[in-house]
Amino acid sequence: MSLRKNYSFSLLSLFALFFLINVSYFALGFFSVLFMKIPFMAYPLIYLFTYVITTFIFGFFLLTYLLSSNQRGVIGHLLYFFREKRMFLISLFYLAAFIILLLLSFLPYVFFADRALDKEIYALILDANVEAIMNLDHGFSIDFMLSVALWIFLDLAFLFSFAYLPIYLYTERKEKFFVLIKKSVKSVYSHYFSLLGLVLHSIAIPFLVFAVGFAIDRTLVHFDKFKMVSETLRFIYPVGLIFVALYSVFAISVFFEELSSSKETEFQPILLLPPPCEVDKE
């Protein structure tokens, strides 16, 4: 109901977020080409990219929180955290976490996997030979894809653990960075299964749309007669992914609002099913 009330504005905000992220991609990509020959210049550019993207996404979380709690939210809230000094530390923390999770995910691949199948693709990527990559009769090895899947899973688990951090950063503006980190993790894991259940319940239909569309597309691509249908689906099934992002962020925001409004009384998690009827003792 919270999302339905703010549906049009939420979609507009999400598209504005995508636009800002794409502009950032272009701008930072331009600077990376200019400074790519300067030693060690790639490292500050990677950090700058992490800082910009993290700040935009935090702004979107803040905007959905304001909308779900019936407060005034505007598109400008997407840029709110650029004036927040603690974002420099938070971005560094996120970047370090992503790198550590990447190393942990690919350690089995480095030491135990047969990488012969992937060497050809690596060489073509380094040469930026897109045409040759598209004409390959094989993709990456199953070991590589499993490592990528593990990295994505660990990243999502990490981001879920700090889902409340943008809201705490806004509501407790004088609190220290490490205190907010601790509060966010504690708030999520104190009601972990209720929050996870609500998020999964809210994104079930949008995710099904995305999965079915993707599966049909991958099936039809092998048939020349349905090539046009397959090309059309490639523009349609990402819509399901957009709604997955929108519903999940709103579910987290609504859950936090429910949690914060129940401080004086015992917290009652948002139920996925109606409560059972009370049996009359008489």
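Residues numbered from 1 in each chain as written. Predicted model: local features only at pLDDT ≥ 70, side-chain atom pairs only at ≥ 80, totals over all residues. Heavy atoms only, no water.

**Some words on the overall build of the protein**
So, point 1. Tallying secondary structure elements over the protein gives 12 helices and zero strands in all.
So, point 2. Among the 282 residues that make up the protein, the fraction classed as buried is 37%.
So, point 3. Restricting the contact set of the protein to residue pairs at least 6 apart, pairs at least 24 apart contribute 69%.
So, point 4. A total accessible area of about 18600 Å² is found for the protein, and carbon and sulfur atoms account for 71% of it. (Helix = DSSP H or I, 4+ residues; strand = E, 2+ residues; numbered from the N terminus. Buried < 20%, exposed > 50% of the residue type's maximum accessible area, 1.4 Å probe, protein only. Contact = heavy atoms within 4.5 Å. Areas by Shrake-Rupley, 256 points an atom, 1.4 Å probe, with all protein chains shown as cover.)

**Section: the packing of helix α4 (residues 87–112) against helix α7 (residues 142–161)**
What describes two packed helices is the angle between their axes and the distance between those same axes.
So, point 1. Orientation of α4 relative to α7, taken along the N-to-C sense of each, is 150 degrees, at an axis distance of 9 Å. Comparing their axes, α7 and α4 come out roughly antiparallel. Where α4 crosses over α7, the two elements pack in a sense that is right-handed. Residues Phe93, Tyr94, Ala97, Phe98, Leu101, Leu102, Ser105, Phe106 and Tyr109 of α4 lie in contact with α7, whose contacting residues are Asp143, Phe144, Ser147, Val148, Leu150, Trp151, Leu154, Asp155, Phe158 and Leu159.
So, point 2. Within the contact of α4 with α7, the residues separate by chemical class into 15 nonpolar, two polar and two charged. (Axes fitted to C-alpha atoms, helices over the stretch in contact; angles between N-to-C directions. Parallel < 35°, antiparallel > 145°, perpendicular 65-115°, else oblique. Left-handed = near helix turned anticlockwise from the far one by under 90°. Nonpolar A, V, L, I, M, F, W, Y, C, P; charged D, E, K, R; others polar.)

**Examining the confidence of the model for the protein**
One rule of thumb: low pLDDT means the predicted coordinates there are not for detailed reading.
So, point 1. For the protein, the mean per-residue pLDDT works out to 76, and 72% of the residues sit at or above 70.
So, point 2. Segment residues 264–282 is flagged for pLDDT under 50; beyond a separation of four residues in sequence, or across chains, it makes 14 contacts in the model. (pLDDT = per-residue confidence, 0-100.)

**Brief notes about the nonpolar core**
So, point 1. Core analysis: the biggest nonpolar cluster contains 51 residues, and Phe58, Phe81, Ile90, Tyr164, Leu165 and Leu195 have the highest contact counts within it.
So, point 2. Mapped onto this core, the elements with two or more residues apiece are α2 (7–35), α3 (42–68), α4, α7, α8 (165–171), α9 (177–190), α10 (192–220) and α12 (238–260).
So, point 3. Counting residues per element, this core draws most heavily on α3, at 12 residues.
So, point 4. Setting aside chain neighbours within four positions, we find Leu195 in contact with Phe160, Tyr164, Val188, Ile252 and Phe255. (Core = buried A, V, L, I, M, F, W, Y, C linked by side-chain atoms within 4.5 Å.)

**Here's the deal with the pattern of salt bridges**
So, point 1. In total, this model carries two salt bridges according to the counting rule given.
So, point 2. Of the charged contacts in the structure, one is a salt bridge between Arg86 and Glu84, with a shortest N-O distance of 2.8 Å. For the pair Arg86 and Glu84, one class covers both residues: buried.
So, point 3. Across the pair Glu172 and Lys183 runs a salt bridge whose closest N-O atoms are separated by 2.5 Å. (Salt bridge = Lys/Arg side-chain N within 4 Å of Asp/Glu carboxyl O.)

**With respect to the side chain of Ser13**
So, point 1. By the secondary structure assignment, Ser13 is in helix α2.
So, point 2. The class for Ser13 is buried, based on a relative accessible area of 1%.
So, point 3. Leaving out residues up to four positions away in the same chain, Ser13 has contacts with Phe60, Leu63, Ile75 and Leu78.

**Focus on the layout of surface pockets**
So, point 1. Empty space within the largest pocket amounts to approximately 1800 Å³.
So, point 2. Mapped by element, the contributors of at least two residues to the lining of the largest pocket are α2, α3, α4, α7, α10 and α12.
So, point 3. Broken down by element, the residue count for the lining of the largest pocket peaks at nine residues, all from α3.
So, point 4. A per-class count over the lining of the largest pocket returns 38 nonpolar, three polar and one charged. (1 Å grid on protein atoms, 1.4 Å probe; cavity = no way out; pocket = protein on both sides within 12 Å on 5 of 7 lines; lining within 4 Å. Points joined across faces, edges and corners; volume = space filled by probe spheres on them.)

**With respect to the packing of aromatic side chains**
So, point 1. Taken as a whole and judged by the stated rule, the model has 23 aromatic pairs.
So, point 2. Measuring from ring centre to ring centre gives 5.1 Å for Tyr80 and Phe81, while their planes differ by 85 degrees; the resulting arrangement is edge-to-face. With respect to class, Tyr80 is no different from Phe81; both count as buried.
So, point 3. Aromatic pair Phe93 and Phe177: ring centres 6.1 Å apart, planes at 75 degrees, arrangement edge-to-face. Placement of the pair is Phe93 in helix α4 and Phe177 in helix α9, with a sequence separation of 84 residues.
So, point 4. On the basis of relative accessible area, Phe93 is assigned to the partly exposed category, the value being 28%.
So, point 5. What links up through ring pairs into an aromatic cluster is the set Phe58, Tyr80, Phe81, Phe93, Tyr94, Phe98, Phe158, Phe162, Tyr170, Phe177 and Phe178. (Phe/Tyr/Trp six-rings, centres within 6.5 Å; stacked < 30°, edge-to-face > 60°.)

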